[in-house]
Amino acid sequence: MLQLEGVGKRFGGLPALDGVGFTVPKGQVTALIGPNGAGKSTLINCISGVLAPSAGSIRFGQAELAGMAPHHIARLGIARTFQNLKLFPRLSVLDNVLTGLTCEAGRSMVMAMLRLPYLRHRERQLKLRALEALDRFGLADKAALPVSILAYGDKKRVELARACVSTPRLVLLDEPVAGLNADETAAVGEQLGRLRREGQTLLLVEHDMELVMGLADQVVVLDSGRCIAAGSPAEVRRNPLVLEAYLGK
Ligand code: ADP
Ligand code: MG
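Worth saying up front: this structure is predicted, and the values here are computed from it rather than measured. (Residues numbered from 1 in each chain as written. Chains lettered and ligands numbered in written order. Predicted model: local features only at pLDDT ≥ 70, side-chain atom pairs only at ≥ 80, totals over all residues.)

### Points about the overall build of the protein chain
In terms of helices and strands, the protein chain carries ten helices and ten strands. Relative to the globule expectation of 18 Å for 249 residues, the C-alpha radius of gyration of the protein chain, 19 Å, shows essentially globular dimensions. Each principal axis of the C-alpha distribution contributes one length, and for the protein chain these read about 60 × 40 × 35 Å. Contacts spanning at least 24 positions in sequence make up 65% of the contacts within the protein chain whose residues lie at least 6 apart. (Helix = DSSP H or I, 4+ residues; strand = E, 2+ residues; numbered from the N terminus. Rg over C-alpha atoms; globule rule 2.2 N^0.38 Å. Contact = placed C-beta atoms within 7 Å.)

### A word on helix H6 (residues 152–164)
In this model H6 runs 19 Å from its N-terminal to its C-terminal C-alpha over 13 residues, within 8% of the 18 Å that 1.5 Å per residue would give. Buried within H6 are the following residues: Lys156, Arg157, Val158, Glu159, Leu160, Ala161, Arg162, Ala163 and Cys164. (Expected span 1.5 Å × (residues − 1). Buried ≥ 20, exposed ≤ 12 C-beta atoms within 10 Å, placed from the backbone.)

### Here we look at the site of ligand 1
Inspection of the region around ligand 1 gives Phe11, Ala16, Gly34, Asn36, Gly37, Ala38, Gly39, Lys40, Ser41 and Thr42 as its neighbouring residues. When residues of the shell around ligand 1 are assigned to their parent elements, the largest contribution, three residues, is made by helix H1 (residues 40–48). Here the shell around ligand 1 is built from residues that sort into three nonpolar, six polar and one charged. (Near = placed C-beta within 6 Å. Nonpolar A, V, L, I, M, F, W, Y, C, P; charged D, E, K, R; others polar.)

### Considerations on the sheet that holds strand S1 (residues 2–11)
The antiparallel open sheet is built from four strands, whose spatial order is S2-S1-S4-S5. What marks the edges here is a single partner per strand, and that holds for strand S2 (14–24) and strand S5 (63–64). For S1 and strand S4 (residues 55–60), the ladder comprises five bridges, and the chain directions are antiparallel. Across the sheet, the residue bridging to Leu4 is Ile58, located in S4. (Pairing = 2+ DSSP bridges.)

### Examining the environment of Gly49
Assignment of secondary structure puts Gly49 in the loop between H1 and S4. Linking Gly49 and Lys127, residues 78 residues apart in sequence, is a C-alpha distance of 27 Å. Residues contacting Gly49, with those up to four places away along its chain left out, are Leu65, Met68, Ala69, Pro70 and Ile73.

### Concerning the pairing of S2
Note that S1 and S2 share seven bridges and pair antiparallel. Residue pairing in the sheet places Gln3 in a bridge with Thr23 of S2. Counting the residues that bridge the hairpin from S1 to S2 gives two residues, and of these Gly12 lies at a positive phi of roughly 65°.

### Focus on the environment of Ile73
Its location among the elements puts Ile73 in helix H2 (residues 70–75). With 21 C-beta atoms packed within 10 Å, Ile73 lands in the buried category. Apart from the residues lying within four places of it in its own chain, the contact partners of Ile73 are Ser48, Gly49, Leu65, Met68 and Ile78.

### A closer look at unusual backbone geometry
Positive phi, normally seen in glycine, also occurs at Thr167, with a value near 45°. With respect to the secondary-structure elements, Thr167 resides in the loop between H6 and strand S7 (170–174). On the basis of neighbour counts, which here come to 12 C-beta atoms within 10 Å, the residue Thr167 falls in the exposed class. With a phi close to 45°, Ser224 is a non-glycine residue in the positive phi region.

### What about the environment of Cys227?
Counting through the fold element by element, Cys227 comes out in strand S10 (residues 226–231). C-beta crowding within 10 Å serves as the criterion here: with 22 such atoms nearby, Cys227 is assigned to the buried category. For the pair Cys227 and Leu126, spaced 101 residues apart in sequence, the C-alpha to C-alpha distance is 40 Å.

### Here's the deal with the sheet that holds strand S3 (residues 29–33)
Strand pairing within a sheet occurs via backbone hydrogen bonds; the two strands may be parallel or antiparallel. With mixed pairing, six strands are arranged side by side in an open sheet as S6-S7-S8-S3-S9-S10. The outermost strands of the open sheet, each flanked by one partner alone, are strand S6 (78–80) and S10. Across this sheet, the average inter-strand angle for adjacent strands is 20°, counted without regard to direction. Strand direction decides the pairing type here: strand S9 (residues 218–223) and S10, joined by five bridges, are antiparallel. Of the residues in S10, the one forming a bridge with Val220 is Ala230. (Axes fitted to C-alpha atoms, helices over the stretch in contact; angles between N-to-C directions.)

### Let's talk about the nonpolar core
The biggest cluster of nonpolar side chains holds 61 residues, and the ones touching the most others in it are Leu32, Val97, Leu134, Ala161 and Leu204. The dominant element in this core, judged by the number of residues it contributes, is H6, at five residues. (Core = buried A, V, L, I, M, F, W, Y, C linked by C-beta atoms within 7 Å.)

### Observations concerning the confidence of the model for the protein chain
Summing up the model confidence of the protein chain, the mean pLDDT is 90 and the portion of residues at 70 or higher is 92%. We note a pTM of 0.91 for the whole complex and an ipTM of 0.97 for its interfaces. (pLDDT = per-residue confidence, 0-100.)

As structure tokens, then:
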């Protein structure tokens, strides 16, 4: 579904990514792991168009994503969460999730100029979908609250709901359980497991090895901007290069 080849990214003279290549198969969970500073978030930013890679190609079906604007990439069906939350604090939980449907809402605005009743119907439909997404992540009872008053763990789940509400073809998750306690982590793990069973394609950046090993079909390991290993969770776990990257620092 997603195919990376020779992806590089430099900040000034320093390479954050150097010749990264792997594929994300449809309907599978691919985990991207590696020590801090390995380039994981940079790679997610390159795939989602937040950053333009300095080298290489990122193919999504027939489309070349390298250099494409983020909203175009979103429209192709790629959604993401951010390692550091990017929510609208003054908007309600529901409205934050609705921003995950802006592609579709945009079309309905044009329809609105032509036929008002259609818009009202459409708006109700979008709200229902947002509520369903919130329900799936256990947040339906908080829909009307401003995001700013939520606990950190709930904010992380609002990001997940916003990423999933549009039923994207591919979801990029940048450390979805970082900073969560054990119970919250288990709950999110369960919700991600359900997405996986439903056939959702995921690229998951995560430090929590238990979560990764339980969810991932394939694990890709980055270290200092390079891909040092890829394979099944069991294969990667016993790879000496991986052990060294984690323990040698
Ligand atoms: P990870 O997510 O694996 O912890 P990052 O992708 O955030 O790693 O960072 C990889 C490297 O790129 C780090 O050395 C980081 O300091 C650098 N880096 C990331 N973003 C920027 C930026 N916007 N400007 C300059 N350097 C950056
Ligand atoms: Mg990161």
